[in-house]
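Single-letter residue listing:
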Amino acid sequence: MQYQVAFNIEDFMANYWQQQPCLLKQGMQAFIDPLSAEELAGLAMEPEIQSRLVTSRGQQWQAELGPFENFDLLGDSHSSLLVQGVDHWHPEVAKLAEAFQFIPNWRFDDVMVSYSTPEGGVGPHIDQYCVFIIQGEGRRHWRVGKKQMLKEFAPHAKLKHCGAFDAEIDVILEPGDVLYIPPGCPHEGYAVEPAINYSIGFRAPNAKDLLSGFADYLLRHDVSSKRFADPKRSATQEFGRIAENDSLALNKLMLGLLNSPEATAQFLGEHLSENAHSSDIVVLSGSEDELNYSELHACMEQGIALTRCAGIKALYLDVLPYQIFVDGQAYAIPNCSWALAKTMCDKSVVDSYSLRAFDEDNKQLDWLIDLVNAGYWYFDGQCDE
């Protein structure tokens, strides 16, 4: 199924994105759940997939981490099962995320899916990322406040709650409704009846994490850098002093690395394309199914679409042409194949027409062979040589 939003994207981006929460009534066209509660429970039993089960009785909260062997804790009420990165493992949920591709992929995190019994929820809390909450099966009561600073506390080691807040939005969501919540807005939701919710999350790196990641990148790649120098320094009588001009010179030295377009662009490509969740990748390299040039040519000739594996991030930077970044790795792209590589990053599926246009000299498609054999892309059909 192809999922589409039913709200004005330009109006939403201009007036709500990163600004204020909003209810997008019937924001998904003719919405049909991409998975069932039973399928979600099956995913929560897998060790590679992050999941948790939250229950409450009065003010007593409990949270257990998966994988789960059974769901005895999922009671008839006051219970929620939450599974992260479902788009990495369920193709139909991945298609749901594609409806929000008007926001760049480097901002996208994952689709978290929850199933709640009546009164089930995770309590009032504040997130530091943007989220679209799509109501699937059932109904859920949501309260959302304006962005504000509130006291936060942990009612359980695996939960964080916030203090009481006045609701800007107080609504019961029905199937197909979409609730948008920007960072810093307190919110809480509780199922009115057995309900499934899909949370399309968009991350926002903070400066500290970026600097820490950049430092790790510099060490990992042994990037050369300038060393501090101070010729013609004047003698001092203040042995313990760090003079203002020294502080400024040291700051300039550090900023020199940050202002290096090549180093920072390479880091951002690797860092932002990394996935926080595991994916259902089938690696062909070294197996009997490893793709070769003749098979690649056959697939392209036969018009078999090329599909990116669900959950895989593929990015490129304006300031660093002829490279794409996939799951934290850089791949050099020949000039003549650059349009194809960008299309593969922009679209989840590359159609047969686009592929045939690039059925060129084999030597120019080494990078494509590597990506397919790494499991990041696959031909959605049988290639007959």
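The rules behind each value
Residues numbered from 1 in each chain as written. Predicted model: local features only at pLDDT ≥ 70, side-chain atom pairs only at ≥ 80, totals over all residues. Heavy atoms only, no water. Helix = DSSP H or I, 4+ residues; strand = E, 2+ residues; numbered from the N terminus. Contact = heavy atoms within 4.5 Å. Areas by Shrake-Rupley, 256 points an atom, 1.4 Å probe, with all protein chains shown as cover. Lys, Arg positive; Asp, Glu negative; His and termini not counted. Charge placed at Lys NZ, Arg CZ, Asp CG, Glu CD. Patch = residues over 30% accessible without salt bridge, like charges linked within 9 Å, V, L, I, M, F, W, Y side chains within 5 Å. Salt bridge = Lys/Arg side-chain N within 4 Å of Asp/Glu carboxyl O. Buried < 20%, exposed > 50% of the residue type's maximum accessible area, 1.4 Å probe, protein only. Pairing = 2+ DSSP bridges. Expected span 1.5 Å × (residues − 1). Arc of directions from axis to C-beta. Phe/Tyr/Trp six-rings, centres within 6.5 Å; stacked < 30°, edge-to-face > 60°. Axes fitted to C-alpha atoms, helices over the stretch in contact; angles between N-to-C directions. Parallel < 35°, antiparallel > 145°, perpendicular 65-115°, else oblique. Nonpolar A, V, L, I, M, F, W, Y, C, P; charged D, E, K, R; others polar.

Visitor: Hey, could you run me through the overall build of the chain in this one?
Guide: The number of helices and strands found in the chain is 10 helices and 19 strands. Structurally, the chain occupies a C-alpha span of about 80 × 70 × 45 Å along its principal axes. Here the contacts in the chain between residues at least 6 apart in sequence split such that 80% fall between residues at least 24 apart. When the accessible surface of the chain is summed, it comes to about 20,400 Å², and 50% of that surface belongs to carbon and sulfur atoms. For the chain, the distance from the average site of its 28 positive side-chain charges to the average site of its 55 negative ones is 12 Å.

Visitor: Got a minute to help me understand a nonpolar patch on the surface in this structure?
Guide: On the surface, a nonpolar cluster with roughly 250 Å² of combined accessible area is contributed by Leu-211, Leu-255 and Leu-258. Position of Leu-258 relative to the elements: it lies in helix H5 (residues 244–258). In this structure Leu-258 comes out as partly exposed when scored by relative accessible area, which is 36%.

Visitor: How do you make sense of the pairing of strand E4 (residues 79–83) when you look at a structure like this?
Guide: Consecutive side chains along a regular strand alternate between the two faces of the sheet. Of all five residues that make up E4, five are buried, and the element is covered over most of its length. Where burial is concerned, the two faces of E4 agree: the one with Ser-79, Leu-81 and Val-83 and the one with Ser-80 and Leu-82 are both buried. Both strand E2 (residues 51–57) and E4 contribute to a ladder of five bridges, which runs antiparallel. By the bridge assignment, Val-54 is partnered in E4 with Ser-80. Relative to strand E5 (residues 108–116), E4 is paired through four bridges, and the arrangement is antiparallel. Among the inter-strand pairings, Leu-81 is bridged to a residue of E5, identified as Tyr-115.

Visitor: How should I be thinking about helix H4 (residues 207–221) in this particular structure?
Guide: In an α-helix, one turn spans 3.6 residues, which is why side chains three or four residues apart end up on the same side. In this model H4 runs 21 Å from its N-terminal to its C-terminal C-alpha over 15 residues, within 8% of the 21 Å that 1.5 Å per residue would give. Along H4, the positions that sit buried rather than exposed are Gly-213, Phe-214, Tyr-217 and Leu-218. For H4, the angular spread of the buried residues around the axis is 145°, confining them to a single face. Along H4, the residues that are exposed and aim more than 90 degrees away from the buried face are Lys-208, Leu-219 and Arg-220. At its buried positions, H4 is contacted by H5 and helix H6 (261–273).

Visitor: Explain the packing of aromatic side chains to me, please; I cannot follow it from the model alone.
Guide: Geometry of an aromatic ring pair is reported as the spacing of the ring centres plus the angle between the planes. Counted by the stated rule, this structure contains 22 aromatic pairs. Measuring from ring centre to ring centre gives 6.0 Å for Phe-100 and Phe-102, while their planes differ by 45°; the resulting arrangement is tilted. Taking 5.3 Å as the distance between ring centres and 55° as the angle between the ring planes, the aromatic pair formed by Phe-214 and Phe-267 counts as tilted. Of this pair, Phe-214 sits in helix H4 while Phe-267 sits in helix H6, placing them 53 residues apart in sequence. For the residue pair Phe-214 and Phe-267, the accessibility class agrees, reading buried in each case.

Visitor: Can you help me understand the packing of H4 against H6 in this one?
Guide: Between two packed helices, both the angle of their axes relative to each other and the distance between the axes serve to describe the pair. At a closest axis distance of 10 Å, the pairing of H4 and H6 adopts a crossing angle of 105°. Taken together, the axes of H4 and H6 are roughly perpendicular relative to one another. Counted together, Leu-210, Gly-213, Phe-214, Tyr-217, Arg-220 and His-221 of H4 and Ala-263, Thr-264, Gln-266, Phe-267, Leu-268, Glu-270 and His-271 of H6 form the full contact between these two elements. Split by residue class, the contact of H4 with H6 holds six nonpolar, five polar and two charged.

Visitor: In this structure, what is going on with the sheet that holds strand E18 (residues 349–350)? I would like to understand it.
Guide: What holds strands together in a sheet is hydrogen bonding between their backbones, with the strands either parallel or antiparallel. Spatial ordering of the open sheet is given by E18-E14-E19, a layout of three strands whose pairing is antiparallel. The two strands at the open ends of the sheet, each matched to only one other strand, are E18 and strand E19 (377–379). Relative to E18, strand E14 (residues 306–308) is paired through two bridges, and the arrangement is antiparallel. Along E18, the bridge assignment pairs Thr-307 with Val-349.

Visitor: I'm lost on the environment of Ala-44 in this one. Help?
Guide: Counting through the fold element by element, Ala-44 comes out in the loop between helix H2 (37–43) and E2. Separated by 91 residues in sequence, Ala-44 and Gln-135 place their C-alpha atoms 20 Å apart. Dropping the residues within four chain positions of it, Ala-44 is found in contact with Ser-51, Pro-67, Phe-68, Phe-71, Leu-81 and Val-83.

Nothing here speaks to function; it is geometry throughout.
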